[in-house]
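# Geometric and topological summary
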Amino acid sequence: MTDQRPSGDTAAGFEAALQTLAEERERLGRVHERMAQGTTTTSKDRMLSVAVNARGEILKLTFHNARYRQMAPAELAALVTETIAAARAESLTQLTDVAGDEVLPGISFQDLAGGRVDLDRMVSSFLSASLDVLPPGAVSPADQARLRGDN
């Protein structure tokens, strides 16, 4: 009868993979908590506040005084547009602070959240990162090359 227990190297590799998984789950939990919160940004002149959710959708616009009534339409539009953009940018920055710079090797959280990531590149990065944490010999070299897109 043969011993079915993993070798020391394989067991250590699995332990490292499980530790990485636990760390990622914890990080994703923090991201999820942050996403449940909104972000409020106030204009430079303190006339307007904009609240957005984690996706940058506007939840609330608040004018803190009546000065907007004397503004030219273009000036008011610029104030609203700039404050919304600042709130969205602040929300994304706060999520990035929690999520970290890279969600996958070579793929930043800001690019992913902003829709600026090529799907093929993202899948390749994910597969490559997954293969890197597996114990040596868990996947054949030919399959590794195929999954990494090295063919």
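This text follows the structure it describes.
This report concerns the structure included in the present document. (Residues numbered from 1 in each chain as written. Predicted model: local features only at pLDDT ≥ 70, side-chain atom pairs only at ≥ 80, totals over all residues. Heavy atoms only, no water.)

### Thoughts on the sheet that holds strand S3 (residues 58–63)
Just so we agree on the cut-off: Here, any two strands with at least 2 DSSP bridges between them count as paired. Every helix listed is a DSSP run of H or I at least four residues long, and every strand listed is a run of E at least two residues long, numbered separately from the N terminus. Working convention: axes come from line fits to C-alpha atoms, limited for helices to the stretch in contact. Angles between N-to-C directions cover 0 to 180 degrees.
Taken in spatial order, the three strands of this open sheet run S1-S2-S3, and their pairing is antiparallel. Every other strand in the sheet has two partners, leaving strand S1 (39–42) and S3 as the edge strands with one partner each. Across the sheet, the mean angle from the axis of one strand to that of its neighbour is 15 degrees, orientation sign disregarded. Judged from the five bridges that link them, strand S2 (residues 48–52) and S3 form a sheet pairing that is antiparallel. Following the sheet pairing, serine 49 is matched in S3 by threonine 62.

### Quick word on unusual backbone geometry
Non-glycine residue arginine 46 carries a positive phi angle of around 65 degrees. By the secondary structure assignment, arginine 46 is in the loop between S1 and S2.

### Examining the pattern of salt bridges
Note the threshold: We count a salt bridge whenever a side-chain nitrogen from Lys or Arg sits within 4 Å of a carboxyl oxygen from Asp or Glu. Relative accessible area decides the class of each residue, using a 1.4 Å probe on protein chains only: under 20% of the type maximum gives buried, over 50% gives exposed, and in between gives partly exposed.
Tallied over the full model, the rule gives two salt bridges. A salt bridge links arginine 55 to glutamate 57, with the shortest nitrogen-to-oxygen separation between them at 3.3 Å. We classify arginine 55 as exposed; its relative accessible area is 61%. Classification of glutamate 57 as partly exposed rests on a relative accessible area of 41%. The salt bridge involving arginine 116 is made with aspartate 111; its shortest N-O contact spans 3.3 Å. Look at aspartate 111 and you get partly exposed, because its relative accessible area is 28%.

### Some thoughts on the nonpolar core
Our working definition: Throughout, nonpolar core names a set of buried Ala, Val, Leu, Ile, Met, Phe, Trp, Tyr and Cys residues whose side chains join them through atoms within 4.5 Å. A contact between two residues is defined here by any heavy atoms of the two lying within 4.5 Å.
Among the nonpolar cores identified, the biggest contains nine residues, and these are Met47, Leu48, Val50, Val52, Met71, Leu79, Val80, Ile84 and Ala87. Mapped onto this core, the elements with two or more residues apiece are S2 and helix H2 (73–99). With four residues, the top contributor of residues to this core is H2. Contacts of methionine 47, omitting those with residues within four sequence positions, involve Thr62, Phe63, His64, Asn65, Arg67, Tyr68, Met71 and Leu79.

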